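Observations on the three-dimensional arrangement
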Amino acid sequence: MATEPLPLQKTADVAPADAAPGAAPAVAPETGHPLVRFDDVVKRYGDHVVLDGLNFSVRRGEHITLIGPSGSGKTTILRLLMTLEKVSDGVIWVDGSPLSHVRTPAGVLKPAPEKHLREARKKIGMVFQQFNLFPNMKVLQNITEAPVNVLGKDREEAEARARELLDLVGLSAKIDAHPSQLSGGQQQRVAIARALAMEPEILLLDEVTSALDPELVAGVLELLGDIARNTDITMLCVTHEMNFARDVSETVLMFDSGQVIESGPPEKIFTDPEHERTREFLDAVL
Amino acid sequence: MNGFDWNAAGDALPLLLEGFRVTLLATVLGTLVAAVLGLAVAVAGRAPSRFVTVPVRAVTEFVRSTPLLVQLVGAAALFTSVEPLTIGIVVLGIHYAAYTSEVYRAGIDSVPKGQWEACRALSLGPRRTWQAVILPQAVRNVLPALGNYAISMFKETPFLAVITVQEMVFEARKYGADHFAYTEAFTLAGLVFLVASYPTSLLMRKLEKRLGH
Ligand SMILES: Nc1ncnc2c1ncn2[C@@H]1O[C@H](COP(=O)(O)OP(=O)(O)OP(=O)(O)O)[C@@H](O)[C@H]1O
Ligand SMILES: [Mg+2]
């Protein structure tokens, strides 16, 4: 466990000040619905069906690991949630609202315009396998660009926050470096800081250590573990690091052929899987 | 024919340099138009709506498949009240924009897909995505190619003489006719072009190397 609270620690949601004790809460309790719900989601590329009526949900604050063989659609799931791809059918719900649909006056869901998507994405952050830092900006600006220009923070506030986050990821000294001057592990940590600067409710991590040299993996995983333990950010991780899955996540989802074939706590999945496919997969990767 | 008349050459030089000022002006302003307009065309070509991309593509295709000379004469005939130099600059700019837009397009295409996705994941709007992320990377990649277009525009400015812009070759021809010293006037004009564009080419090549292409 990290010994001191991280600067990104969120305070628990407080009840509205005007709510008298015993009175019905002014807002519906957030435990009423899952934070993320995939509802019969289908994703096709041409004739190739990648996700075939996928259903699963994620509670607020939950840390989920997605495992499964190559090509089983793990990345696709994260990209759909990040709205980098469009669903072919079905609906993804985030916090009770359809993610990439809008409701017409008649109550029918239709695909949302880009503007709506831009709004919907604000609560979701993503860290990529290849980091995707902006090479034309220094580390500091990589982190402040979106808070300033999307959230409308003033520059000083955003920079102060960026410094905190750089401190958190252990890269205060690199604040004025360009991404090309950093190692892969350092770049990935900046990318994590950049995602956190947007204060996402949901953080998507797609094999964030698999492009790193082996000796750099542990540092990044440790950082992610700290974030998982010390924040209430909901995390969906695709990873081949089974130890990480075991340490950090409460739930493991095993994918195959566009379906969740098994889900449960890591102890259960890793020691006593129900499905033959899960067993075979784990035997192959462990 | 007599030998090269050095006196005539010396006599013609001030006039030619006067014309060279116009040549330079046309090149610099024409390049500016081409650089800005080409960029706008390249970005518009990426617009999500076909109502934008189709006309843009049609116009650039038209500009690219008709000769500069025809465009100059056509524009001069259409806009008789506009100063020839202005027409020349605008036409040069538009003509070259059809090519620089292609260069920009390649530069934009060379920006990795992950950069667009990072922008989206951060909810950056289209303006910041282009201005802060995509274009700085794209333009850096294409600077040498743009420079080469500037040099070739420089060498095509003599076409402006056709619409009576008094650039250097116009002056050379005038001097040649007045003093029957075409050889001297044109040799000198050619030398001035060489002296101006060779170092620029070298500079471009250096820039290219520095940008690591
Ligand atoms: N843009 C695309 N066009 C066509 N097919 C695609 C596209 N993106 C993904 N696919 C296909 O969708 C399937 C699932 O891909 P995805 O990247 O989600 O798998 P994955 O589970 O993340 O695999 P890996 O473990 O190798 O990263 C693959 O068969 C892939 O070929
Ligand atoms: Mg993947």
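Summary of the structure given here. Just so it is clear, the model here is predicted, and its values are computed rather than measured. (Residues numbered from 1 in each chain as written. Chains lettered and ligands numbered in written order. Predicted model: local features only at pLDDT ≥ 70, side-chain atom pairs only at ≥ 80, totals over all residues. Heavy atoms only, no water.)

1. Re the site of ligand 1
Residues and elements named next belong to chain A. The following threshold applies: By convention in these notes, a residue is near a molecule or strand provided one of its non-hydrogen atoms lies within 4 Å of it. Each polar contact in these results corresponds to two N or O atoms within 3.5 Å; when the atoms are within protein, one needs to be able to donate a hydrogen and the other to accept it, and residues that are neighboring in sequence are counted only if both atoms are side-chain atoms. All accessibility values rest on the Shrake-Rupley procedure with a 1.4 Å probe; residue burial counts only the protein chains present in the view. In DSSP terms, a helix is any run of H or I states spanning at least four residues, a strand is any run of E spanning at least two, and both are numbered starting from the N terminus. Amino acids outside the nonpolar list (Ala, Val, Leu, Ile, Met, Phe, Trp, Tyr, Cys, Pro) and the charged list (Asp, Glu, Lys, Arg) are all regarded as polar, and Gly is one of them.
Close contacts around ligand 1 come from Tyr 45, His 48, Val 50, Pro 69, Ser 70, Gly 71, Ser 72, Gly 73, Lys 74, Thr 75, Thr 76 and Glu 207, and that covers them all. One nitrogen or oxygen atom from the side chain of Thr 76 is found 2.5 Å from an oxygen atom belonging to ligand 1. Considering ligand 1 on its own, with 640 Å² of exposed area, one finds that the protein chains cover 61% of that surface. Mapped onto the shell around ligand 1, the elements with two or more residues apiece are strand 2 (48–58) and helix 1 (74–81). Residue composition of the shell around ligand 1, grouped by class: 3 nonpolar, 7 polar and 2 charged.

2. A short note on unusual backbone geometry
Of all residues except glycine, most have a negative phi; of all peptide bonds, most are trans. Residues and elements named next belong to chain A. In the Ramachandran plot, Asp 95 falls in the positive-phi region, its phi being about 55 degrees despite a non-glycine side chain. Relative to the assigned elements, Asp 95 resides in the loop between strand 4 (89–94) and strand 5 (97–98). Although it is not a glycine, Ser 257 adopts a positive phi angle of roughly 50 degrees.

3. Topic: the sheet that holds strand 3 (residues 63–67) of chain A
All names here are of chain A. So the rule is basically this: We treat two strands as partners when DSSP finds at least two bridges between them. To obtain an axis, a line is fitted to C-alpha atoms, over the contacting stretch when the element is a helix, and the angle between two such axes runs from 0 to 180 degrees between their N-to-C directions.
The sheet built from 6 strands is open, its strands ordered 8-9-10-3-11-12 with mixed pairing. The open sheet terminates on both sides in strands that have one partner only, identified here as strand 8 (124–127) and strand 12 (259–264). The sheet shows a mean angle of 20 degrees between the axes of neighbouring strands, taken without regard to direction. Examined bridge by bridge, strand 3 and strand 10 (residues 234–238) share 4 bridges and lie parallel to one another. Among the inter-strand pairings, Thr 65 is bridged to a residue of strand 10, identified as Cys 237.

4. Structural notes on the sheet that holds strand 2 of chain A
Residues and elements named next belong to chain A. Reading across the sheet, the 4 strands line up as 2-1-4-5 and stay open at both edges, with antiparallel pairing between neighbours. Either end of the sheet is taken by a strand with one partner, and the two such strands are strand 2 and strand 5. Across 5 bridges, the pairing between strand 1 (residues 36–45) and strand 4 is antiparallel. From the neighbouring strand, Asp 39 faces strand 4, where its bridge partner is Val 91.

5. Some remarks on the nonpolar core
Formally: Take the buried Ala, Val, Leu, Ile, Met, Phe, Trp, Tyr and Cys residues and link them wherever side-chain atoms come within 4.5 Å; each set so joined is a nonpolar core. Each residue's exposure class comes from its accessible area (1.4 Å probe, protein chains only) as a fraction of the maximum for that residue type: buried when under 20%, exposed when over 50%, partly exposed otherwise. Every residue pair with non-hydrogen atoms within 4.5 Å of one another is taken to be in contact.
Membership of the largest hydrophobic core comes to 54 residues, with the highest contact counts inside it found for A:Phe38, A:Phe56, A:Leu81, A:Ile92, A:Leu204 and A:Leu236. Looking at this core element by element, the count peaks at 8 residues for helix 6 (residues 126–156) of chain B. Beyond its immediate chain neighbours, meaning those up to four positions away, A:Leu236 contacts A:Phe56, A:Val58, A:Ile64, A:Leu78, A:Leu81, A:Ile202, A:Leu203, A:Leu204 and A:Leu205. In terms of nonpolar packing, the next biggest core, distinct from the first, is built from 38 residues, A:Ile143, A:Leu203, A:Val220 and A:Ile227 among them.

6. Focus: the interface of chain A and chain B
Here is the rule we go by: Once two parts are joined, some of their accessible surface, as seen by a 1.4 Å probe, is lost; buried area is that loss totalled over both. Only one rule defines a salt bridge in this text: a Lys or Arg side-chain nitrogen within 4 Å of an Asp or Glu carboxyl oxygen.
Facing 23 residues of chain A, the contacting portion of chain B comprises 17 residues. Of the roughly 1700 Å² buried between chain A and chain B, counting both surfaces, carbon and sulfur atoms make up 60%. When the area that chain A buries against chain B is broken down by residue, the three leading residues are A:Arg118, A:Phe134 and A:Asn136, summing to 27%. Scanning the region where chain A abuts chain B turns up 2 salt bridges. We note a salt bridge from B:Arg128 to A:Glu145, for which the minimum N-O separation is 2.7 Å. If you look at where chain A meets chain B, you find 8 residue pairs in polar contact (both at pLDDT 80 or more). Those elements giving two or more residues to the side of chain A that touches chain B turn out to be helix 2 (114–121), strand 8 and helix 3 (139–149) of chain A. The element best represented in the side of chain A that touches chain B is helix 3 of chain A, accounting for 4 residues. Grouping the amino acids of the side of chain A that touches chain B by side-chain chemistry returns 12 nonpolar, 5 polar and 6 charged.

7. So, helix 1 (residues 6–44) of chain B
Residues separated by three or four positions in an α-helix point in the same direction, a consequence of the helix having 3.6 residues per turn. Residue and element names in this part refer to chain B. Convention followed: Helix span is expected to be 1.5 Å times the residue number reduced by one. Two axes define the bend at a residue: one fitted to the seven residues ending there, one fitted to the seven starting there, and the bend is the angle between them.
The end-to-end C-alpha separation of helix 1 is 53 Å, in line with the 57 Å expected for 39 residues at 1.5 Å each. At Leu 13, helix 1 shows its maximal bend, which comes to roughly 35 degrees, and the proline Pro 14 appears one to four places after that position. With a side-chain oxygen positioned 2.9 Å from the backbone nitrogen of Asn 7, the residue opening helix 1 is Asp 5.

8. Thoughts on helix 3 of chain A
Burial analysis of helix 3 of chain A places 9 of its 11 residues in the buried class, the great majority of the element. For helix 3 of chain A, the complete set of buried residues consists of A:Val139, A:Leu140, A:Asn142, A:Ile143, A:Thr144, A:Glu145, A:Ala146, A:Pro147 and A:Val148. Structurally, helix 3 of chain A contributes buried residues whose contacts are with helix 4 (155–168) and helix 5 (184–197) of chain A together with helix 6 of chain B.

9. Looking at the layout of surface pockets
This is how it is decided: Points on a 1 Å grid over protein atoms alone make up a cavity when a 1.4 Å probe fits among them but cannot get out, and a pocket when they form an open set with protein on both sides within 12 Å along at least five of seven lines; lining residues each have an atom within 4 Å of a point. Grid points are joined across faces, edges and corners, and a volume is the space filled by probe spheres set on the points.
Taken as a whole, the largest pocket spans an internal volume of roughly 800 Å³. Around the largest pocket, the lining comprises 25 residues; the ones closest to its centre are A:Glu114, B:Arg46, B:Pro48, B:Trp116 and B:Arg120. Those elements that provide at least two residues to the lining of the largest pocket are helix 2 of chain A together with helix 5 (113–121) and helix 6 of chain B. At 5 residues, the largest contribution of residues to the lining of the largest pocket is made by helix 5 of chain B. Taken together, the residues of the lining of the largest pocket break down into 12 nonpolar, 4 polar and 9 charged.

10. So, the pairing of strand 2 of chain A
All names here are of chain A. Direction of pairing for strand 1 relative to strand 2: antiparallel, over a ladder of 8 bridges. Residue pairing across strands places Val 36 opposite Val 58, the latter belonging to strand 2. Counting the residues in the hairpin turn of strand 1 and strand 2 gives 2 residues, including Gly 46, whose phi is positive at 60 degrees.

11. Focus: the environment of B:Cys119
By secondary structure assignment, the location of B:Cys119 is in helix 5. Take B:Cys119: its relative accessible area is 1%, and that puts it in the buried class. Distance from B:Cys119 to B:Trp130, taken between C-alpha atoms, is 9.6 Å for residues 11 residues apart in sequence. Leaving out residues up to four positions away in the same chain, B:Cys119 has contacts with A:Phe134, B:Leu124, B:Thr129 and B:Val133.

12. Some thoughts on the side chain of B:Glu184
Residues and elements named next belong to chain B. Let me state the cut-off plainly: The convention is simple: Lys and Arg are positive, Asp and Glu are negative, and His and the chain ends are not counted.
Inspection of the secondary structure assignment puts Glu 184 in helix 8 (residues 182–210). Despite its burial, Glu 184 pairs with no opposite charge; the closest candidate is Arg 173, at 15 Å N-O. Not counting chain neighbours up to four residues away, the residues in contact with Glu 184 comprise Gly 3, Phe 4, Asp 5, Ala 8 and Ala 9.

Purely geometric stuff here, so don't read any function into it on its own.
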